[in-house]
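# Structural features, examined
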Amino acid sequence: MTLWFLRGLSRGVVTTRYPARPDQATALLPTPPAFRPGAIGPEEADQLAALCPSRALKREGAELVFDAGACTACGRCEQASPAVRESGHFELAATSRRDLVKRIPLKPEAGR
Amino acid sequence: MTAVLPARFELEAAELARGGGRLADMFAAGQDPVTLHLVWALDGERRYVITSCEISGEEYPSLSDLAPAAFLEECEIYEQFGIRPANGRPLNRVVLPPHAGPGFPRLGRQPEQEPAELRAAHTVGGHAFEFPFGPVRQVGVESLYYGLVTSGEEMVDLYLFTWHKHRGLEWRLQGQDPRAALFTVERAEGLSAVAMGWAFAAAVEAAAGLEPAADVQRTRAVALELERLYNHAAATAALCAATGLSVGQSAAEIVLEKLLRLNAAAFGHRYLFGVLDTGGTRRAPDAEVLRTELPRVHDELRRAASALLATNSFADRLEATGIVTAEQAGRLGLVGPVARASGIAIDTRLTQPSPPYASHPPAIAVRKTGDVLARFEVMQDEAAESVRLIGELLDAGTASGGTEPPARAGSGLGWAESSRGEALAWVRLDDRGQIARARLRPASVRNWRGFDDACRSQNVFTDVPIIEASFWLTVAGMAR
Amino acid sequence: MNKDQDPLPPASTRDPMPSGEPAEAAIQDAAGELRHRIASQFGRSLHIRTLDTGSCAVCEQEIRLLTAPHYDLHRLGFFFTPAPRHADLLLVTGPMIRAFDVAARKTYEAMPGPKIVVATGACALGGVYQADAFVHGSVGEVLPVDVWIPGCPPSPFALLQGLLVAVGRLYEKVSSLPFEVAG
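Keep in mind that what you see is a predicted model, and the values were worked out from it rather than measured.

Conventions used here
Residues numbered from 1 in each chain as written. Chains lettered and ligands numbered in written order. Predicted model: local features only at pLDDT ≥ 70, side-chain atom pairs only at ≥ 80, totals over all residues. Domains from an automatic or database assignment. Contact = placed C-beta atoms within 7 Å. Buried ≥ 20, exposed ≤ 12 C-beta atoms within 10 Å, placed from the backbone. Helix = DSSP H or I, 4+ residues; strand = E, 2+ residues; numbered from the N terminus. Pairing = 2+ DSSP bridges. Right-handed = clockwise from strand over helix to strand, strands pointing away. Nonpolar A, V, L, I, M, F, W, Y, C, P; charged D, E, K, R; others polar. Core = buried A, V, L, I, M, F, W, Y, C linked by C-beta atoms within 7 Å. Axes fitted to C-alpha atoms, helices over the stretch in contact; angles between N-to-C directions. Expected span 1.5 Å × (residues − 1). Parallel < 35°, antiparallel > 145°, perpendicular 65-115°, else oblique. Left-handed = near helix turned anticlockwise from the far one by under 90°.

Attention now goes to the domain arrangement of chain B. You'll often see interface size given as the accessible area lost when the parts meet. Residue and element names in this part refer to chain B. Assigned domains of chain B: these are domain 1 (2-85), domain 2 (129-161) and domain 3 (169-479). A C-alpha centroid distance of 26 Å is found between domain 2 and domain 3. Taken together, the contacts link 10 residues of domain 2 with 11 residues of domain 3.

With that settled, the discussion passes to the pairing of strand β1 (residues 46-52) of chain C. Residue and element names in this part refer to chain C. Summarising burial for β1: six of the seven residues are buried, a large majority. One ladder, built from three bridges, connects β1 with strand β2 (residues 78-80); its direction is parallel. Within the sheet, the bridge partner assigned to H47 lies in β2 and is F79. Regarding the hand of the β-α-β motif, the stretch spanning β1, helix α2 (residues 58-64) and β2 is right-handed. As paired strands, β1 and strand β3 (residues 89-93) are joined by five bridges and run parallel to one another. From the neighbouring strand, T50 faces β3, where its bridge partner is L91.

This paragraph deals with the interface of chain C and chain A. Taken together, the contacts link 38 residues of chain C with 39 residues of chain A. When residues of the side of chain C that touches chain A are traced back to their parent elements, those giving at least two are β5 (147-149) and α4 (156-166) of chain C. Broken down by element, the side of chain C that touches chain A gets its largest block of residues, seven residues, from α4 of chain C.

On to the interface of chain A and chain B. If you look at the interface, chain A gives 11 residues, while chain B gives 11 residues. A breakdown of the residues in the side of chain A that touches chain B according to their chemical character gives nine nonpolar, two polar and no charged.

Now for the nonpolar core. Membership of the largest hydrophobic core comes to 240 residues, with the highest contact counts inside it found for A199 and A203 of chain B together with V118 of chain C. Examining the composition of this core, we find that 16 residues originate from one element, helix α6 (residues 214-242) of chain B, more than from any other. With residues up to four places along the chain from it excluded, the contact list for A203 of chain B reads G412, L413, G414, A425, W426 and V427 of chain B.

So, about the sheet that holds strand β5 (residues 101-105) of chain A. Residues and elements named next belong to chain A. Reading across the sheet, the three strands line up as β2-β3-β5 and stay open at both edges, with antiparallel pairing between neighbours. Of all the strands in the sheet, the pair left with one neighbour each is β2 (57-60) and β5. Across the sheet, the mean angle separating the axes of adjacent strands is 30° when strand polarity is ignored. Bridge count for β2 against strand β3 (residues 63-67) is four bridges, and the pairing is antiparallel. Bridge pairing in β3 links E60 to E63.

Residues and elements named next belong to chain B. Taking 1.5 Å as the rise per residue, helix α5 (residues 193-208) with 16 residues should run 22 Å; its terminal C-alpha atoms sit 22 Å apart, in good agreement. Judged by how many residues are buried, α5 sits mostly within the fold: 16 of 16 residues are covered. Looking one or two places after α5, you find G209, whose phi comes out positive at around 70°.

Once that is clear, we can look at the packing of α6 of chain B against helix α13 (residues 372-396) of chain B. All names here are of chain B. With their axes 9 Å apart at the nearest point, α6 and α13 run at an angle of 155° to one another. As summarised for this structure, α6 and α13 are arranged roughly antiparallel, according to the angle between their axes. Crossing of α6 against α13: the hand is left-handed. From α6, R218, A221, V222, E225, L226, R228, L229, H232, A235 and L239 reach across to α13, where they touch F376, M379, E382, A383, S386, L389, I390, L393, L394 and A396.

Structure follows, in structure tokens:
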């Protein structure tokens, strides 16, 4: 048992202080996307919705509807569009399912 | 792939089995007629052969006499396609849940009769009793239903039900675009995401005539070896948990967490999701971070493992526990570390080498005793070998890049050596290049059938979690 | 947690008020307060039961790591228990495969009240698998879910945040996160 005890002491403490202190390991985590409002046109929105493998994106009128609950942070929408970037948000717990559904305004149609 | 006439079907199979062929998988495809496909691994000749036979009636010649390993596949084919082997023996419910009536989605037509719920008769001094355990089991493990048959402490028999975790993945994949389908395939057995993704991508590439470049093949192998490493570390932690050695468990968990963070740093995801693509990979690894950190983390694992082997309270629980004999492993068609620990030297990185393993062969880890200790030792040897291989592959150069498969018909087989063993995938693409039939066969589909033999040999209840950790399979991979 | 602080979460974190009658709004208010009072009872020590309704096995691995040295759930007063009778919180993974319904309900009903249900992972939240003959798609179709944790898989950090939100030791923030790129 001494063997284990000494090894443990020499390693030190690896336990995170989260949530009392931020932990830089969270920077490694893949996170859901963030969208530039007014930058994505309706056609592009439809394409993004079609390529999402988890049905987290759809277009409703002049808005892109993003369901952060269905999102798997796979990055396909970010790869497809310069108006989409990683959000960096990893603290996503919600007490209401609706709070995870976000609406982003699309680019207004030409001529307006 | 050779198509065989029904008359020659049995003869061909007998010939292949006699010539040392291992029946790696059996599945059916199509409706009216249904075609039966047999995947034979000719390990000595370093290739696979698929024989196929159209079944116009309801029966086909039984293969479980030639290849007892085929029994569970025959059951699955019956549930999904309604065709059965001609030996008249009852077939068990394996894949679909009991309420799967006429409207339930199947790959083919509904069987005439309900599958049976039979197990072998138990006679142990007349006092054996059966008790169901699960599917909701201990903390943080997948749902799994065991039927334990015992005369007290001794394990007389153990049978498993996994239909409560059947997501119908092969059914879902029908009609999907093969490149987009990788998202679903990775999640067939998430802990083998790279292996299943690679096997499936390779099947699509074989069907479409694509050949990925050497550097992206090396990227795939780096990811696969990282997957093998973290799984073996996780199995080590699970073994410590099962033997009640919390200190060892913590040591192994520290290594596991560091490996998962390394996966995220190198490939963008702790479990390496989203790496595989058709024709290559979606990402290339951060070679620098792997080169600097990996040897250090592996060294911790190595020291923890040797400390564990020097700890009697751990090593004594592993020795002579959960023995799978070479005969059992061969008869049941087991693969991976479980087979290798029992002396069966199959490792598709060597026995069916495809790039890049043909130019970067790993040393194979084999033991003879077939107990939990042997499986533990095989995993540690493989972990060391994976680190060495990753270094070699990074030195040779890695890159990313994929291809949209062309929109035309074809079929193909793909494989990869997951941390659990040989993972297979087969795909048929229709004229538009969409999936007409996808077969997914993670190693778990094979190796769970060795679990009851391992539990039966002179073991008691408290050995079961230890044996389960040493197999390190998943229910998701078996149930799909 | 400072006892002198206002124990109710800010209004923005409660369910949006349904349009219409004040009576309904009052009920929503009371439900939120009750839920919060219940949750705060679990603030110092909580026992968690896990439930897999069809996951790919990766969510379970992240959950197991909660007791690993890097995360050490125990320092927060949370413990895992295999006994439903001891459990306060049910941590559910998977897309709620229909063949699992009975087992899921039995596990939930075996837990004495008050109890909290936390659905974790994109599958459990309705992503990945669409509702069909095999799966419900969302755990919420079969069990009353109190907290939803997205991710594929949710990392142990995300799980910790979700559990602390579930017992009222952290306020949820996602309702006010914009998911928009500036400029």
